[in-house]
Amino acid sequence: MQSLQKLTSRFVPLRIENVDTDQIIPARFLKATTKTGFGKNLFRDWRYENDDETKPKADFVLNQPQYGGEILVAAKNFGCGSSREHAAWSIQDYGFKVVVSSFFADIFKNNALNNGVLPVTVSDAFLQEIFAVGADDTLTVDLEAQTITINTTGSSEKFEINSYKKTCLLNGYDDIDYLLNMKAEIEAFEQTRK
Amino acid sequence: MGKTLFEKIWDQHVVKQIEDGPSVVYIDKHFIHEVTSPQAFSGIEKRGAKLFRPQQIVATADHNVPTMHQELPIKDALSKFQVDTLIDNCKKHGVELYGLGHQYQGIVHVIGPELGITQPGMTIVCGDSHTSTHGAFGSIAFGIGTSEVEMVFASQCIMQTKPKVMRINIDGELKNGVVSKDIILYIIAQISASGATGYFVEYAGSAIRALSMEARMTICNMSIEMGARGGMIAPDQTTFDYIKGRLFAPQGAEWDAKLSAWKELYTDADAKFDLEINIKAEDIDPMITYGTNPGMGLSVRGTLPTVESFKDATEKQNYEKALQYMGLKAGQSLLGMPVQHVFIGSCTNSRIEDFRLVASIIKGKQKDPNIKTLIVPGSQEVAKQIKAEGLDKIFADAGVEIRQAGCSACLGMNEDKIPAGEYCVSTSNRNFEGRQGAGARTLLASPLTAAAALLTGKITDIRDII
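Analysis parameters
- Chains are numbered independently. Their residues run from 1 in the order of the written sequence.
- Lettering for chains starts from A, numbering for ligands starts from 1, and both go in the order in which the items are written.
- The predicted nature of this model means local features are confined to residues of pLDDT at least 70 and side-chain atom pairs, given and counted, to a pLDDT of 80 or more, with totals for whole chains, interfaces and linings taken over all residues.
- Neither water nor hydrogens contribute to the side-chain values; these are computed over all heavy atoms in the structure.
- Helix and strand definitions follow DSSP, with helices as H or I runs of at least four residues and strands as E runs of at least two, each counted in order from the N terminus.
- Only protein chains enter the accessibility calculation, which uses a 1.4 Å probe; a residue whose area is less than 20% of its type maximum is buried, one above 50% is exposed, and one in between is partly exposed.
- Contact between two residues is taken to exist if any of their heavy atoms lie within 4.5 Å; hydrogens are not considered.
- Using a 1.4 Å probe, accessible areas were evaluated by the Shrake-Rupley method; residue-level cover was limited to the displayed protein chains.
- When charges are counted, Lys and Arg are positive and Asp and Glu negative, with His and the chain ends excluded.
- Every charge is mapped to an atom, namely NZ of Lys, CZ of Arg, CG of Asp or CD of Glu.
- Two strands are counted as paired when DSSP detects at least two bridges linking them.
- Interaxial angles span 0 to 180 degrees and are taken between N-to-C directions of axes, which are lines fitted to C-alpha atoms, for helices over the stretch in contact.
- Within this document, salt bridges are pairs made up of a side-chain nitrogen of Lys or Arg and a carboxyl oxygen of Asp or Glu, the two lying within 4 Å of each other.
- Nonpolar core, defined: a set of buried Ala, Val, Leu, Ile, Met, Phe, Trp, Tyr and Cys residues in which side-chain atoms within 4.5 Å join the residues together.
- Whenever a nitrogen or oxygen atom comes within 3.5 Å of another N or O atom, the pair is scored as a polar contact, on the condition that within protein one atom can donate a hydrogen and the other can accept it, and that pairs from neighbouring residues in sequence are kept only if both atoms are in side chains.
- Here the quantity called buried area is the accessible surface, traced with a 1.4 Å probe, that two parts lose on coming together, added over both.
- Only a pair of cysteine sulfur atoms within 2.5 Å counts as a disulfide in this structure description.
- Centres within 6.5 Å make a pair out of two Phe, Tyr or Trp rings, where for Trp the six-membered ring is used; the pair is then stacked when the planes are under 30 degrees apart, edge-to-face when over 60, and tilted otherwise.
- Criterion for a charge above a ring: Arg CZ or Lys NZ at most 6 Å from the ring centre, at most 35 degrees from the ring normal.

## Some words on the overall build of chain B
Here's step 1: What chain B contains, in helices and strands, is 15 helices and 18 strands.
Here's step 2: In chain B, buried positions account for 67% of the 466 residues.
Here's step 3: Counting contacts in chain B only where the partners sit at least 6 residues apart, residues at least 24 apart contribute 77% of the total.
Here's step 4: Surface summary for chain B: the accessible area is close to 15,800 Å², and the carbon and sulfur share equals 51%.
Here's step 5: The average position of the 47 basic charges and that of the 53 acidic charges among the side chains of chain B differ by 2 Å.

This is the structure in structure tokens:
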């Protein structure tokens, strides 16, 4: 897994609530058997007219050249719906390392963390502050300090993450390595349940 | 202090609590399917690891399969490759597969219960958010991502942060024409598509107790649609009667031992919930959704909210976006609106009782000539039972074809899709933009409301025709 410590970047503002995983990556693109290449289909039906890559929808934020960067900022309840990890893979493959929202769906949050994409939950007020600044402004996400800062205004907020997941992300460790090392404990647990 | 049903089962399965981190939770049963498992198999192979407990995994092919001519090779090359990959992986790693052509094949959340694999007190996961269905048996069942599928492959355990617990009590008697799908659509409309995020929900109350197992599954199935990690119902005599005698149900002395353990699975009288909601069954009408998330639902006789009723600018903007996608107007009524499609199927409503309900409405009648249908049993077993009960004849006489088992038009992945701009009254679980195909307009409802639309070609209050 990719590690993540501190990131300063411009951001893409997605002012849409309840962004579900069918919007992030429609089901017809889930036929792959690998984890790569999903970025080109991220928000596919919001990005293109009639599924035609030569006809980008000008009003969708990913098609607006003034916006860019490695941080996606979305309105509340981001990632609701299906458990497809393809949603996290497509966000990562597109080039985002951090997603900011005032509220994340549970499964998406786990899927993002398991792929080294950091979900940062901020207050509604702070989310509005981010949406209010310009396309050239940058955000700094500092995982060690657990802070997110709007660099032009200096406004900053703390975010929550448990210390286990934080350590994993800072170092690029994944849960499976941890669990593989617990084999003896798990076998002993199984014996107690027989 | 007493424990909730959730806490009793959770506590029995915690192998280890990581300090300021998640719990390591032991998983009893792991269901897999073709879409969310291939990357987990390749991940485990890349690590040089083996599946830890392959005998606790059951596989089926459901999402990406055709629902006609399943005896022929799958036409779409990518779909075929994905289903073939599942076959190869299961063979290589010693996992039981009920694939296409197998008598037990079907939607993963239909076959688990009908084969008696799903049992009270279990922890159950699957790379599919509707795994919450299995909670109807008093198990902790929830959907997981592919990295988590790989975790369970590697260790039969998963890392999870303990969720908060919520109880939703539904008491009283349901009105005529109201079924379990209406209960859950009503609940989600009340608390919104994110109202239960961070919670595990227990459904309780006299209206829940009165429901059959299949009706309970419909309710638990849609827990995720309000953001809940899962939903569950304490097992009772209805549960035990359903399980007894099924293929993988315990037998003889083992049955007696299990049964006495299952009888301990209830929320203690003095247990505390983080949140409790009370609903009167009498308040629930036949429901239908009008928007692009399952929380946007109302009584079939209701009118859409006004734009002004939404507080902030983003909410207003989102509502208008949904109305535009759906081709609807604020303040309008849906009753009498023509629709083009009816889909009866999905892990929410594709069980034998759903087909019995629909058959009871359409018996001796003809489908509306303008309606196109996708009528899809949840499993081969359900399809067999439809024939055994002669329901297939009722459908055929009404001019309706019954297809073969699979997820079908629930998710716009396989061949079954709804064309852009057209309306579909659907018994499935999601009305997201493009869910049933790019541009498709989904109206979620019960099998009864779907049957009514099938006969009239319009959104109809089932109570007007029964």
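## Side note on the sheet that holds strand β5 (residues 118–121) of chain A
All names here are of chain A.
Here's step 1: Pairing is parallel in the open sheet, where 4 strands are placed in the order β2-β3-β4-β5. Two strands bound the open sheet, and with one partner strand each, they are β2 (11–14) and β5. Adjacent strand axes in the sheet meet at a mean angle of 20 degrees when their direction is disregarded.
Here's step 2: Of the strand pairs in this sheet, strand β4 (residues 98–101) and β5 are connected by 4 bridges, and their pairing is parallel.

## Digging into the sheet that holds strand β7 (residues 147–150) of chain A
Residue and element names in this part refer to chain A.
Here's step 1: Reading across the sheet, the 4 strands line up as β1-β6-β7-β8 and stay open at both edges, with antiparallel pairing between neighbours. Looking at strand neighbours, the two that pair on one side only are β1 (6–9) and β8 (156–158), the edges of this open sheet. Shown here is a sheet whose adjacent strand axes are inclined to one another by a mean of 10 degrees, direction ignored.
Here's step 2: Alignment of β7 against β8, held across 3 bridges, turns out to be antiparallel. Paired with T149 across the strands is S156, a residue of β8.
Here's step 3: Helix α5 (residues 124–132) rests against β6 (139–142), β7 and β8 of the sheet, and its axis sits at about 35 degrees to β7.

## What about the pattern of salt bridges?
Residue and element names in this part refer to chain A.
Here's step 1: In total, this model carries 35 salt bridges over all chains according to the counting rule given.
Here's step 2: Two residues, D136 and R10, come together in a salt bridge whose shortest N-O distance is 3.9 Å. Remark: R10 occurs in the loop between β1 and β2 and D136 occurs in the loop between α5 and β6; sequence separation between them is 126 residues.
Here's step 3: What makes R10 partly exposed here is its relative accessible area of 27%.
Here's step 4: Linking D175 and K165 is a salt bridge whose minimum nitrogen-to-oxygen distance equals 3.0 Å. Of this pair, D175 sits in helix α7 (residues 175–180) while K165 sits in helix α6 (residues 163–171); the two residues are 10 residues apart in sequence, bridging distant segments of the chain.
Here's step 5: The class for K165 is buried, based on a relative accessible area of 12%.

## Overview of the nonpolar core
Here's step 1: Ranked by internal contacts, the top residues of the largest apolar core, which has 94 residues, are I32(B), I168(B), I170(B), Y203(B) and M226(B).
Here's step 2: For this core, the element with the highest residue contribution is helix α6 (residues 180–191) of chain B, accounting for 7 residues.
Here's step 3: Excluding anything up to four places from it in sequence, Y203(B) contacts I168(B), I170(B), I184(B), I187(B), I208(B), I219(B), C220(B), S223(B), M226(B), G231(B), M232(B) and I233(B).
Here's step 4: Listed in part, the 83 residues of the second largest apolar core include A74(A), M296(B), L304(B) and M326(B).

## A short note on the environment of E157(A)
Residue and element names in this part refer to chain A.
Here's step 1: Turning to its location among the elements, E157 is positioned in strand β8.
Here's step 2: Sequence-distant contacts of E157, defined by excluding residues within four places in its chain, comprise V122, S123, F126, Q146, T147 and I148.
Here's step 3: At 2.7 Å, the side chain of E157 forms a polar contact with the side chain of S123.

## Considerations on the interface of chain A and chain B
Here's step 1: In this assembly, 54 residues from chain A lie in contact with 68 residues from chain B.
Here's step 2: Summed over both partners, the interface of chain A with chain B buries about 5,000 Å², with 56% contributed by carbon and sulfur atoms.
Here's step 3: Of all residues in chain A, K31(A), T33(A) and I176(A) bury the most surface against chain B, accounting for 14% of the area lost on that side.
Here's step 4: Connecting chain A to chain B are 7 salt bridges.
Here's step 5: One salt bridge in this structure joins D177(A) and R47(B), with 3.0 Å as the shortest N-O distance.
Here's step 6: At the junction of chain A with chain B, the criterion picks out 30 residue pairs in polar contact (both at pLDDT 80 or more).

## Overview of the state of the cysteines
Every disulfide links exactly two cysteines, by a covalent bond between their sulfur atoms.
Here's step 1: A full pass over the atoms with the stated rule returns 0 disulfides over all chains.
Here's step 2: The closest cysteine sulfur to the non-disulfide-bonded C220(B) is located on C347(B), 12 Å from its own sulfur.

## Some thoughts on the pairing of strand β3 (residues 71–74) of chain A
Residues and elements named next belong to chain A.
Here's step 1: Here β3 shows no split at all, with I71 and V73 on one side and L72 and A74 on the other all buried.
Here's step 2: Here β2 pairs with β3 via 4 bridges, running parallel. Residue pairing across strands places L14 opposite A74, the latter belonging to β3.
Here's step 3: In the sheet, β3 pairs with β4 via 3 bridges, with the strands oriented parallel.

## Things to note about the packing of aromatic side chains
Here's step 1: One pass over the structure, following the stated rule, counts 20 aromatic pairs over all chains.
Here's step 2: Between W46(A) and F60(A) the ring centres are 5.9 Å apart and the planes differ by 55 degrees, which places this aromatic pair in the tilted class. With W46(A) in helix α2 (residues 44–47) and F60(A) in the loop between α2 and β3, the pair connects residues that are 14 residues apart, well separated along the chain. Across this residue pair, the class does not change: W46(A) and F60(A) are buried.
Here's step 3: Taking 5.4 Å as the distance between ring centres and 85 degrees as the angle between the ring planes, the aromatic pair formed by Y164(A) and Y178(A) counts as edge-to-face. Of the two residues, Y164(A) sits in helix α6 while Y178(A) sits in helix α7, which places them 14 residues apart along the sequence.
Here's step 4: What makes Y164(A) buried here is its relative accessible area of 9%.
Here's step 5: Judged by its relative accessible area of 24%, Y178(A) falls in the partly exposed class.
Here's step 6: Between R53(B) and the ring centre of F52(B), over which it is positioned, the NZ or CZ distance is 4.0 Å.
Here's step 7: Its guanidinium or amino end placed over the ring of Y242(B), R246(B) lies 3.7 Å from that ring's centre, counting from NZ or CZ.

## Side note on the side chain of N293(B)
Here's step 1: In this fold, N293(B) is placed in the loop between β13 (287–289) and β14 (297–299).
Here's step 2: Of the residues examined, N293(B) reaches a relative accessible area of 10% and is grouped as buried.
Here's step 3: Within the structure, N293(B) has its side chain in polar contact with the backbone nitrogen of G295(B) (distance 2.8 Å).
Here's step 4: For N293(B), the contacting residues outside a window of four places in its chain are N18(A), A193(B), N431(B) and F432(B).

Don't take any of this as a statement about function, it's just geometry.
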